[in-house]
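# Chain and residue survey
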Amino acid sequence: MLVEIQNTDLTIGNENILKNINFNLSKGEMKFLIGKTGSGKTTFINSIFGNLKPSKSDLFKVIDYDINNLSEYNIPYLRRKIGFVFQDFKLLSDRSISDNLRFVLEATGWKEINKINNRITKVLELVGFDLPINKFPDELSGGEQQRVAIARALLNNPEIIIADEPTGNLDPQTSQEIMELFKKLNKNGMTILMATHDYNMILKFPAKILRCEDGQIHEVVKK
């Protein structure tokens, strides 16, 4: 089990955002998290990423880390095992695609130029990005930028990919292509947790759907 959460409350300030969460994510599994804006999806994701400690919890384990007792020292090591994909891509606009990816590898301890270049080539192949890597983000379409962002999330061979509304800024056709890419990654063994508002799109995927609503997270039964 890569994520195991039992009887957990998440609070911001004096506001109890989510209560009595029980959630598991197994290796190789894909799960979707849906819910309205403000329902707690991002709060839940932040807790898995180590950004928010529970206010009450019987068990909160992510990979090999106990979130309830996670030290500041260990947070970066947890995050290296989690690839994060954002709605707005968050690519560095003043750097080429190659330099965006190189920056992440160097920041996480990669030093050998050949290994860095080989890894960049590998992840871009995985996501189907075949444009020149000396292009800058503003020269790419939204879908192309998101492919690069997914490649960036894969750089350090994460154990989990967390995607927060990864199709939120994309047109329907491009959204479908990005979803198919996530499906392919999952089929190849990647564990994925995705927050999304696009309920109709995810219905066709053979994955569990969880809904954030009224301070609770519960499974949605597909019809």
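The structure contained in this document is the topic of the report that follows. (Residues numbered from 1 in each chain as written. Predicted model: local features only at pLDDT ≥ 70, side-chain atom pairs only at ≥ 80, totals over all residues. Heavy atoms only, no water.)

The next point concerns the sheet that holds strand β4 (residues 59-62). With respect to topology, four strands assemble into an open sheet ordered β2-β1-β4-β5, the strand pairing being antiparallel. Of all the strands in the sheet, the pair left with one neighbour each is β2 (15-25) and β5 (65-66). Relative to β4, strand β1 (residues 3-12) runs antiparallel, the two sharing four bridges. Across the sheet, the residue bridging to glutamine 6 is leucine 59, located in β4. (Pairing = 2+ DSSP bridges. Helix = DSSP H or I, 4+ residues; strand = E, 2+ residues; numbered from the N terminus.)

Within the span of helix α3 (residues 97-107), buried status applies to Ile97, Ser98, Asn100, Leu101, Arg102, Val104 and Leu105. Considering only its buried residues, α3 is in contact with α4 (113-126) and α5 (142-154). Phi for glycine 109, located one or two positions after α3, is positive at around 100°. (Buried < 20%, exposed > 50% of the residue type's maximum accessible area, 1.4 Å probe, protein only. Contact = heavy atoms within 4.5 Å.)

This brings us to the pairing of β4. Each regular strand displays side chains that alternate between the two surfaces of the sheet. Across the two faces of β4 the burial differs, with Phe60 and Val62 buried and Leu59 and Lys61 not buried at all. Of the pairings in the sheet, the one linking β4 to β5 comprises two bridges and is antiparallel in character. Paired with valine 62 across the two strands is tyrosine 65, which belongs to β5. Taking the residues that link successive antiparallel strands as the turn, the β4-β5 hairpin has two residues, and the phi of isoleucine 63 there is positive, at about 55°.

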